[in-house]
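As a plain string of letters, each chain reads:
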Amino acid sequence: LARVLFGQKGTGYWPLLLDQTQSGNTQALLAGVPFEGRALPLAVYTFDYPWLERAVDSQNQLERIFMLDVEEALPSGVHGVWIGDRGYARAALLRQALTEERFYVIRGRTGTCVEYQGQRLKLGQLHPRRNKAVRYSHVYYQAEARVPVDVIVVHDRHFKEPWWLLVPPDSADVLPTALVVRLYRQRMQIEHSFRDFKTHLGLRGLRLKVRVAERTGRLLLAFCLAYTLAVVLGNQAVAARADLEIPRRRPRHGTTRTLSVLSVAMQVLVHPLWSRWALIHLRRIVRRIARGQAVLAHPPPDLSALLIAK
């Protein structure tokens, strides 16, 4: 999926969104690249609870293998920066990232014990400043494991509560404070893709009874391919968007758009004035895949480009 989307080669650091969702009794672990308010899927693993081994060890091991597989599949010359919510703020996962030189932006749990400047306290006691991100360097995360991290605390007036974001120690050259905050804002895009899978592709109503995790994984691979084609098609339908969409008068979340790229794709595929155009462009996308060419003309921007753009 990574090379179908972006080709064989690339440069710089790319944001990789990581999250887990549930379909019936099956768990799905998904990685994707933020794109036009959604996450273009790169990989999906499915599995069932309970584990045969000890639950914590098995979950950590699966996630480590998953991230290694995704990193190996990225175009040559590309490095990933993993972005995850509080479910991934585990000392074992952070220590693995440190050992394997993996970059990450993970939201920490406020109740976790940390050590800062020789003082033991809760993560939530590292104080934020209103509308200004603060970076605490050389913090030891979790009292027993003592994994070194940097912590960025930010409390925007639009947030219900502050964010305590964990990044590798001494990583300010690759992940400066302003960029860390901007990257974590993109995390919700993978939630939007999960919602699309469940609502528009029918994952919510799926009921399998035999080899559920295995068969769900196969179906999700088909979903990922179909979803990628639809999102890319919707992104190309600029003229159709102008015809189908009624923009907001006032921007919301920085945009006046009312339709997602997926909604645009779904509409042009059935619209009497645009369906022929949509099928022609869909065939072109499929031909590019058949020839081994990248589907997208432009790869995700290097993270340094994101910071410059801001």
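Residues numbered from 1 in each chain as written. Predicted model: local features only at pLDDT ≥ 70, side-chain atom pairs only at ≥ 80, totals over all residues. Heavy atoms only, no water.

Draft legend 1. Representation of the overall build of the protein chain within the structure. Counting its secondary structure elements, the protein chain contains ten helices and ten strands. Here the C-alpha atoms of the protein chain give a radius of gyration of 21 Å, agreeing with the 19 Å that 2.2 N^0.38 yields for 310 residues. A principal-axis box enclosing the C-alpha atoms of the protein chain has dimensions of 70 × 50 × 35 Å. A buried classification covers 47% of the 310 residues belonging to the protein chain. The contacts in the protein chain between residues at least 6 apart in sequence include a share of 61% that link residues at least 24 apart. Carbon and sulfur atoms make up 53% of the accessible area of the protein chain, which totals about 16400 Å². Looking at charge distribution, the protein chain has the averaged site of its 44 positive side-chain charges lying 9 Å from that of its 25 negative ones. (Helix = DSSP H or I, 4+ residues; strand = E, 2+ residues; numbered from the N terminus. Rg over C-alpha atoms; globule rule 2.2 N^0.38 Å. Buried < 20%, exposed > 50% of the residue type's maximum accessible area, 1.4 Å probe, protein only. Contact = heavy atoms within 4.5 Å. Areas by Shrake-Rupley, 256 points an atom, 1.4 Å probe, with all protein chains shown as cover. Lys, Arg positive; Asp, Glu negative; His and termini not counted. Charge placed at Lys NZ, Arg CZ, Asp CG, Glu CD.)

Draft legend 2. Broad picture of the environment of His271. Turning to its location among the elements, His271 is positioned in the loop between helix H8 (261–270) and helix H9 (275–290). Among the residues examined, His271 registers a relative accessible area of 21% and is labelled partly exposed. Put simply, His271 and Leu244 are 27 residues apart on the chain and 9.5 Å apart in space, counted from C-alpha to C-alpha. Polar contacts involving the side chain of His271 include one to the main-chain amide nitrogen of Leu273, which spans 3.1 Å. (Polar contact = N/O pair within 3.5 Å; in protein donor to acceptor, adjacent residues only side chain to side chain.)

Draft legend 3. Here's a closer look at the pairing of strand S10 (residues 163–167). With five of its five residues buried, S10 lies for the most part within the structure. Here S10 shows no split at all, with Trp163, Leu165 and Val167 on one side and Trp164 and Leu166 on the other all buried. In the sheet, strand S5 (residues 103–107) pairs with S10 via two bridges, with the strands oriented antiparallel. Residue pairing for S10: Ile106 is matched across the bridge by Leu166. The pairing of strand S9 (residues 147–154) with S10 spans five bridges and is classified as antiparallel. Bridged to Val154 within S10 is Trp163. (Pairing = 2+ DSSP bridges.)

Draft legend 4. The arrangement of the sheet that holds strand S1 (residues 9–23) in detail. If you walk across this open sheet you meet the ten strands as S3-S2-S1-S4-S5-S10-S9-S8-S6-S7, and the pairing is mixed. Each of the sheet's edge strands pairs with one partner strand only, and the pair in question is strand S3 (38–48) and strand S7 (119–122). Recorded for the sheet is a direction-independent mean angle of 30 degrees between the axes of neighbouring strands. Of the pairings in the sheet, the one linking strand S8 (residues 134–141) to S9 comprises six bridges and is antiparallel in character. Each bridged residue has a counterpart across the sheet, and for Val139 the counterpart in S9 is Val149. Strand contacts of helix H4 (residues 177–185): S1, strand S4 (76–84), S5, S8, S9 and S10, with the helix running at about 110 degrees to S10, the strand carrying the most contacts. (Axes fitted to C-alpha atoms, helices over the stretch in contact; angles between N-to-C directions.)

Draft legend 5. Fine view of the packing of helix H6 (residues 212–236) against H9. Here H6 crosses H9 at 125 degrees, and the two axes come no closer than 10 Å. When the axis of H6 is compared with that of H9, the two are oblique. Along this stretch, H6 crosses H9, giving a crossing that reads as right-handed. The residues of H9 that touch H6, namely those facing Leu229, Val232, Leu233 and Gln236, are Trp277, Ala278, His281, Leu282, Ile285, Val286 and Ile289. (Parallel < 35°, antiparallel > 145°, perpendicular 65-115°, else oblique. Left-handed = near helix turned anticlockwise from the far one by under 90°.)

Draft legend 6. The arrangement of unusual backbone geometry in detail. Notably, His138 is not glycine yet its phi reads approximately 55 degrees, a positive angle. Considering the arrangement of structural elements, one finds His138 in strand S8. Here Arg146, not a glycine, exhibits a phi torsion of approximately 50 degrees, which is positive. One can find Arg146 in the loop between S8 and S9. Exposure remark for Arg146: the relative accessible area of 34% places this residue in the partly exposed category.

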